[in-house]
Amino acid sequence: MKRLVVLLVVATTTYLMPAFASAAGATEVRGGGTGSFGSDLDGDGHVDGSQFGMGVAIQDNGAATGHFLCLMAGRSEFLGLRLMSVEGRVTAGSLNEDGSATFSGVGTVNLGNGQIFRGVPFRVTAWKGGPDVGKLQLTVIGAFDGAPGDQIPGNGDYDLPVETVTSGQIAIG
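Predicted model, so just to flag it, every value in this text is computed and none were measured.

### Notes on the overall build of the chain
The helix and strand tally for the chain stands at one helix and nine strands. Expressed as a percentage of contacts within the chain between residues at least 6 apart in sequence, the contacts between residues at least 24 apart total 50%. Counting only carbon and sulfur atoms, one obtains 55% of the accessible surface of the chain, whose full area is about 8100 Å².

Right, dumping it as structure tokens:
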């Protein structure tokens, strides 16, 4: 199951990239794979992580196009859920002084238990690299504040910790 999900994420990212890869003056943020938070965020005895895919083009003016997917399924339960996904279109982005890229958009959060939330803003910061080097951090804006794993309870958002790439890679350039 894990290999199938990783293959699906990488294939989806590869498929989406040609739609905007030729955008003049754009910086591409692309990749896919699996990641680990390095700890048990929800206290169920498993180190948590996700499968992810991204294909984003960031323009110099801060506009961006692309898609992001973060899927927590098949590897272990997360927050007592067998599935949790955040996916959506990217509409804005920027490059950061440390070489990372931050992008945002609006998407869908699926909790896999019949609860699906549409029109949910999200933000991702990605650092380039493969296993043990690349990183990403997802924030779901305006929802799930204080749920297990939230790194900044009380700010109105669900701020996941930085996740380290364990397979696959993130490229920025």
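### Thoughts on the confidence of the model for the chain
When the pLDDT values of the chain are averaged, the result is 86; 82% of them are 70 or greater. By mean pLDDT, helix 1 (residues 2-16) is the weakest element of the chain at 44, and strand 6 (residues 116-127) is the strongest at 98. In the predicted structure, residues 1-22 sits below a pLDDT of 50 and forms 31 contacts with residues beyond four places in sequence or in another chain.

### Overview of the pairing of strand 6
Successive side chains on a regular strand alternate, one facing one side of the sheet and the next facing the other. Pairing analysis gives ten bridges linking strand 5 (residues 101-110) to strand 6, with the strands arranged antiparallel. Among the inter-strand pairings, V106 is bridged to a residue of strand 6, identified as P121. From the end of strand 5 to the start of strand 6, which pair antiparallel, there are five residues, and G112 there has a positive phi angle of about 70 degrees. With six bridges joining them, strand 6 and strand 7 (residues 135-140) adopt antiparallel strand pairing. If you follow W127 over to strand 7, its bridge partner there is K135.

### Section: the environment of D98
Among the structural elements, D98 can be located in the loop between strand 4 (81-95) and strand 5. When the C-alpha atoms of D98 and W127 are compared, they prove to be 8.7 Å apart, with 29 residues separating the residues in sequence. A distance of 3.1 Å separates a polar atom in the side chain of D98 from a polar atom in the side chain of W127.

### Here's the deal with the pattern of salt bridges
The tally for this structure, following the rule as stated, stands at one salt bridge. In this structure, R30 and E28 form a salt bridge, with 3.3 Å as the shortest nitrogen-oxygen distance.

### Focus on the side chain of D157
In this structure, D157 sits in the loop between strand 7 and strand 8 (158-159). Despite its burial, D157 remains without a salt bridge, the nearest opposite charge being carried by R123 at 4.6 Å. Here the side chain of D157 touches G142 through a polar contact of 2.8 Å, landing on its backbone nitrogen. Not counting residues within four places of it along the chain, the set of residues in contact with D157 comprises T139, V140, I141, G142, A143, D145 and D150.

### Observations regarding unusual backbone geometry
Notably, D132 is not glycine yet its phi reads approximately 70 degrees, a positive angle. Tracing the backbone through its elements, the reader meets D132 in the loop between strand 6 and strand 7. On the basis of relative accessible area, D132 is assigned to the exposed category, the value being 66%.

### Thoughts on the packing of aromatic side chains
Throughout the structure, instances matching the rule amount to three aromatic pairs. On the basis of an interplanar angle of 80 degrees and a centroid distance of 5.5 Å, the ring pair of F117 and F144 is categorised as edge-to-face. Here the residue F117 occupies a position in strand 6, and F144 occupies one in the loop between strand 7 and strand 8, the gap between them amounting to 27 residues. The partly exposed category is assigned to F117, whose relative accessible area is 32%. With relative accessibility at 26%, the residue F144 sits in the partly exposed group. Chaining the aromatic ring pairs together yields one cluster made of F68, F103 and F122.

How each quantity is defined
- Residues numbered from 1 in each chain as written.
- Predicted model: local features only at pLDDT ≥ 70, side-chain atom pairs only at ≥ 80, totals over all residues.
- Heavy atoms only, no water.
- Helix = DSSP H or I, 4+ residues; strand = E, 2+ residues; numbered from the N terminus.
- Contact = heavy atoms within 4.5 Å.
- Areas by Shrake-Rupley, 256 points an atom, 1.4 Å probe, with all protein chains shown as cover.
- pLDDT = per-residue confidence, 0-100.
- Pairing = 2+ DSSP bridges.
- Polar contact = N/O pair within 3.5 Å; in protein donor to acceptor, adjacent residues only side chain to side chain.
- Salt bridge = Lys/Arg side-chain N within 4 Å of Asp/Glu carboxyl O.
- Buried < 20%, exposed > 50% of the residue type's maximum accessible area, 1.4 Å probe, protein only.
- Lys, Arg positive; Asp, Glu negative; His and termini not counted.
- Phe/Tyr/Trp six-rings, centres within 6.5 Å; stacked < 30°, edge-to-face > 60°.

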